[in-house]
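The chain contents come next:
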Amino acid sequence: MLMTGEQYVESMRKLNLQVYMFGKKVECPVDDPILRPSLNSVKMTYDLAQLPEYQDLMTAVSPYTGERVNRFTHIHQSTEDLMNKVKMQRLLGQKTAACFQRCVGMDAFNAVYSTTFDIDKKYGTKYHENFMNFLKYVQENDLTVDGAMTDPKGDRGLAPHAQADPDMFLHVVERRDDGIVVRGAKAHQTGFINSHEVIVMPTISMGEDDKEYAVSFACPTDEKGIFMIVGRQSCDTRKLEGAVMDTGNPEFGGTEALVIFDNVFIPNDRIFLNGEFEYAGVLVERFAGYHRQSYGGCKVGVGDVLIGAAAVAADYNGCPKASHVKDKIIEMQHLNETLFACGIACSALGTKTESGNYLIDLLLANVCKQNVTRFPYEIVRLAEDIAGGLMVTAPSEKDLKDPKIGPYVDKYLRGVNSVTTENRLKILRLIENLCLGTAAVGYRTESMHGAGSPQAQRIMISRQGNLKMKKELAKSIAQIKE
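This structure is a prediction, so every number in the text was calculated from the model and none was measured.

(A) Layout of the sheet that holds strand β8 (residues 197-200). Strand order in this open sheet of four strands is β5-β8-β9-β12, and the pairing throughout is mixed. Of all strands in the sheet, those bounded by a partner on one side alone are β5 (145-148) and β12 (271-274). Across the sheet, the mean angle from the axis of one strand to that of its neighbour is 20°, orientation sign disregarded. Across four bridges, β8 lies against strand β9 (residues 215-220) in antiparallel orientation. Residue pairing across strands places Val 200 opposite Phe 217, the latter belonging to β9. Running at roughly 70° to β5, helix α5 (residues 103-123) makes contact with β5, β8, β9 and β12 of the sheet. Against the sheet, helix α6 (residues 127-141) touches β5, β8, β9 and β12, its axis set at about 150° to β12.

(B) View of the packing of helix α4 (residues 79-96) against helix α9 (residues 323-348). Contact pair α4 / α9: the axes reach a minimum separation of 7 Å and the direction vectors enclose 155°. By the angle class used here, α4 and α9 are roughly antiparallel. The chirality of how α4 crosses α9 is right-handed. In this structure, α4 contributes Thr 79, Leu 82, Met 83, Val 86, Lys 87 and Arg 90 to the contact, and α9 contributes Asn 336, Glu 337, Phe 340, Gly 343, Ile 344, Ser 347 and Ala 348.

(C) Here's a closer look at the sheet that holds strand β7 (residues 179-186). One open sheet accounts for six strands, arranged β2-β1-β10-β11-β7-β6; its pairing is mixed. Of all the strands in the sheet, just β2 (24-25) and β6 (171-176) have a single pairing partner and so form its edges. Both strand β10 (residues 226-230) and strand β11 (residues 257-267) contribute to a ladder of five bridges, which runs antiparallel. Across the sheet, residue Ile 229 finds its bridge partner in β11, namely Leu 258.

(D) Examining the pattern of salt bridges more closely. All chains considered together, the criterion is met by 28 salt bridges. In this structure, Arg 13 engages Glu 10 in a salt bridge whose closest nitrogen and oxygen atoms are separated by 3.3 Å. Of the two residues, Arg 13 and Glu 10 both sit in helix α1 (residues 5-13), three residues apart, roughly one turn of that helix. Of the residues examined, Glu 10 reaches a relative accessible area of 36% and is grouped as partly exposed. Here Asp 81 ties to Arg 71 by a salt bridge, and the two come within 3.1 Å at their closest N and O atoms. Placement of Asp 81 in helix α4 and of Arg 71 in the loop between β4 (68-70) and α4 is noted, with a sequence separation of ten residues between them. The network of salt bridges with shared partners includes Glu 10, Arg 13, Asp 31 and Arg 36.

(E) Quick look at the packing of aromatic side chains. Considering all chains together, one arrives at twelve aromatic pairs under this definition. On the basis of an interplanar angle of 15° and a centroid distance of 4.7 Å, the ring pair of Tyr 8 and Tyr 46 is categorised as stacked. Within this pair, whereas Tyr 8 is found in helix α1, its partner Tyr 46 is found in helix α2 (residues 36-47), the two being separated by 38 residues in sequence. Tyr 46 carries the same exposure label as Tyr 8, and that label is buried.

So, how was this worked out
- Residues numbered from 1 in each chain as written.
- Predicted model: local features only at pLDDT ≥ 70, side-chain atom pairs only at ≥ 80, totals over all residues.
- Heavy atoms only, no water.
- Pairing = 2+ DSSP bridges.
- Helix = DSSP H or I, 4+ residues; strand = E, 2+ residues; numbered from the N terminus.
- Axes fitted to C-alpha atoms, helices over the stretch in contact; angles between N-to-C directions.
- Contact = heavy atoms within 4.5 Å.
- Parallel < 35°, antiparallel > 145°, perpendicular 65-115°, else oblique.
- Left-handed = near helix turned anticlockwise from the far one by under 90°.
- Salt bridge = Lys/Arg side-chain N within 4 Å of Asp/Glu carboxyl O.
- Buried < 20%, exposed > 50% of the residue type's maximum accessible area, 1.4 Å probe, protein only.
- Phe/Tyr/Trp six-rings, centres within 6.5 Å; stacked < 30°, edge-to-face > 60°.

And the structure:
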């Protein structure tokens, strides 16, 4: 049964999460003013699923339960599902102008689904059965599930087993009859704090010496031995000041954490990979493909908000008709729609796997993410250009509302006379938030490193690009015979 947004919030309040921030334990993450905007972003994924006008995008009928489920817990059954995923992500980006955090779990679902099927076929294991039981549990309870892939990695030049500290990659430290015990950490974990469960995956391809690191499983986010250390964001403490204008996006946000797994027990029925090292790379490649597709939706939706904010800033500055301003906004739209086109294209050309779900076109998914490492930076540059320097030099909301100096701020920082100074500063703070502030993690910087750094996509483009075939095409046209 689909939860409402409020029911989701209350379900998170019941968890015993171990969260640390600024050197102290956060007693109630749900109500913490720094963390609450990120929870609100996830809440939107529940709120929109309740609205009839968004039903086709936000929900799907599960072939496993026969009930309507949130699309974030759905296994893709067609190329239409893949395209609706991207459209849903764009919608949520438009509604929150932030990271809504459930994409990683959705992409983990679909990668683990087909990979466990393949492992079982070769080894006769029961990983797919384990996963299907977990999936149905999640769908029936409408849970938010995080996906955890990125290990700290330590020395990037060494394999997991060769690290000076063996915990630089999460690994099995004890095997029991009823399960395994794991230790390590997962870095840059978006949304872990706002999730009920987590699917853990390996982060790279592995050899036989890395068998103890080839592990995938699911567990509750408040499982004994798990604790989270919240990452700092630029301007994060502005949320403590009670100044709506200064936060730029007062209601929504994202959050990341370093998540520690300190000897966490995982029962056998929650294990999806356990030593079958040759499938670690398969799982990583499929997950990365799905997640690189995701960026053709979520980043585009946030880009829509930034483009709109830049256009409003031009209106308030009094220069919306200037030819260079109009041209810059056109360029921002061109770049943003190109990202969306890649997300839709890799979805439309998706294919059915042997397990039954649909996989995106891996080449185009990597092209999509490669463009995301570039285009949002240009969109940000153009938005900052249009906004002007006041975006980063404006006084605070308290200065604007101060009885003595407020009138001077109001007088000298007004643009178009018919627009209040407060509204002008609000739109500039939103642009600052998206380009430089807390949302930069969910837009600008994450566009570079999220779902893998640029070189990771280039490696996959090289593998998937079929250069040999292209050479043969050229030789055939030129009538070359060797």
